[in-house]
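The lines below spell out each chain.
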Amino acid sequence: MMLRTAPMIFLLALVACGAEQRQPSVLLISIDMLRADHLSCYGYERNTTPTIDGLAAEGVRFARHISSAPWTLPAHAAMFSSLPDSVHGCVDGTDNALPDGIVTLAERFQTAGYGTGGFFAGPYLHPAFGLGQGFDEYRFCVPDLAASMDGQSVGEWAGDPAAHRRSHHGVTNPGVVDAASAWLQEHGQEPFFLFVHLWDAHFDFVPPKPFDARFGDPDYEGFVDGREFFFDQRINRTMAEKDLHQLVALYDGEIMWCDAHVKRLLELLDDLELADDTIVAVTSDHGTEFFDHGGKGHRRTLYGEAIEIPLVIRAPGQLPAGVVVDDLSRMVDLGPTLMELSGLPPSNRFVGISLAPLATGEGSAPRAALSELLADQNRMRSVISGSGKLVWNEVSGDVVWFDLDRDPEERNPQRDLSQGLGPELLRALQAEIRTIQLVSEQHQYPHQPIVLPPALDQAIRASGYGGGEK
Ligand SMILES: [Zn+2]
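Residues numbered from 1 in each chain as written. Predicted model: local features only at pLDDT ≥ 70, side-chain atom pairs only at ≥ 80, totals over all residues. Heavy atoms only, no water.

All right, on to the nonpolar core then. One finds Ile-31, Phe-193 and Leu-390 to be the most contacted residues of the largest nonpolar core, which totals 150 residues. Of the residues that make up this core, three or more belong to each of domain 1 (22–367) and domain 2 (379–462). Beyond its immediate stretch of four places on either side in the chain, Ile-31 contacts Ile-52, Leu-198, Ala-201, Cys-258, Val-262, Val-282, Thr-283, Ser-284 and Asp-285. One finds Phe-211, Phe-215, Ala-249 and Trp-257 within the second-largest nonpolar core, a separate group that totals five residues. (Core = buried A, V, L, I, M, F, W, Y, C linked by side-chain atoms within 4.5 Å. Buried < 20%, exposed > 50% of the residue type's maximum accessible area, 1.4 Å probe, protein only. Domains from an automatic or database assignment. Contact = heavy atoms within 4.5 Å.)

This is the structure we're talking about:
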């Protein structure tokens, strides 16, 4: 189900005005580690995101947007390539980079004559991972951190816990937005594709004043100061409620701090008189866990708090204002959406579909959303289809499903695959695996083959896969 408002009016307006408008530019903002349920426009009780809420009121909010992965590198690789993780292969933070043969979103815009700029602060966005493909300028905006990575292979760096720890310190939003703003002032008069990555909502949680005290208890005197979230053993599932409350309050302060930097970019678009010709998309790469299911951080499970992310798109004259799309949408759909809204031809190398028709009430949603976790000791896949979600843990052999209508917090895993939503979800999983195989073979991508264990293969056959399913 979804809400729609006057889609045809906007399409007609688009046709009428199209000849007079210049080619739209694109501003794509990725706020790292922003779980969807912590934005006020996604129903959060705190007013964390007034700017993004305003953007949603002027555009379209995708209420059920699913990442390809619960951590930075594969999710951004999917964002840039519009390919599932098992196809783009940039999944484990070793020396595997996004292959040159994969055509990225930035390359598409560059080929179309756009100026392309990318500004980031998180180490997993490093060009050594292949994510700089297609950018005229692609800059790591944390000079100290960038220098510390020089001379190391990506695999060496990624395997060093001390390097990770350092990367979580610091306040980086101003440096990123300053650099992106300078680039925009220089290049904004020609069509541009500008990617901005905000890293401060990712732990550690040390928002500057006044954001540090925006949501917490002013009388709090405990040990939580937002630092060393991942490494501090006192931050665990048994911590006192008041300490957890303070921790989440600091995370929310960081979110509002990021929102303020989105505001800076939007105001610059206004000042440069570019807002009417610029598509703005705000999204994230993944969420994080605050002991929702017992653990902390991400890159460890595929629960909703780790893979459900925001997506808000404002496209003046093209997308209606204030629409909420409740249908499923996926990380891999973002690229095709931005290309269609910019008037670029679709790519048959992308797996995703444009979401623009969904917003105007003319299209169908993707049937299922696949997420994968293929790093460290994990090999997990989840597929969401309809109101169901199936999670296959290849290491443990566990396959469970959830009825998200009855159990939205994923508390009651179901194990009988022949009952309820089980057969439908098995068919959806098999369809996703088939897509991975077909796309990889068609374009000769060095994909990671997926081998089903006999019991799961048998269950899928019993579900009726092949009986008219595509
Ligand atoms: Zn991330």
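Our next topic: the sheet that holds strand S12 (residues 369–373). Spatial ordering of the open sheet is given by S12-S13-S14-S15, a layout of four strands whose pairing is antiparallel. Each end of this open sheet is capped by a strand with a single partner; those strands are S12 and strand S15 (399–403). Averaged over all adjacent pairs, the angle separating strand axes in this sheet is 15°, with direction ignored. With six bridges joining them, strand S13 (residues 380–385) and strand S14 (residues 388–393) adopt antiparallel strand pairing. The residue bridging Val-383 from the neighbouring strand is Leu-390, located in S14. (Pairing = 2+ DSSP bridges. Helix = DSSP H or I, 4+ residues; strand = E, 2+ residues; numbered from the N terminus. Axes fitted to C-alpha atoms, helices over the stretch in contact; angles between N-to-C directions.)

The two faces of the sheet receive side chains in turn, since in a regular strand these alternate between them. Extensive coverage of strand S2 (residues 60–66) is indicated by the burial of five of its seven residues. Pairing of S2 with strand S10 (residues 311–314), which is carried by two bridges, proceeds in the antiparallel orientation. Bridge pairing links Val-60 to Ile-313 in S10. By the bridge criterion, two bridges tie S2 to strand S9 (residues 308–309) in an arrangement that is antiparallel. Residue pairing across strands places His-65 opposite Ile-309, the latter belonging to S9.

In this section: the environment of Leu-429. Summarising the element assignment, Leu-429 is placed in helix H14 (residues 422–443). Take Leu-429: its relative accessible area is 0%, and that puts it in the buried class. Separated by 136 residues in the primary sequence, Leu-429 and His-293 have C-alpha atoms spaced 24 Å apart. Excluding its chain neighbours within four sequence positions, the residues that come into contact with Leu-429 are Val-383, Leu-390, Trp-392, Leu-456 and Ile-460.

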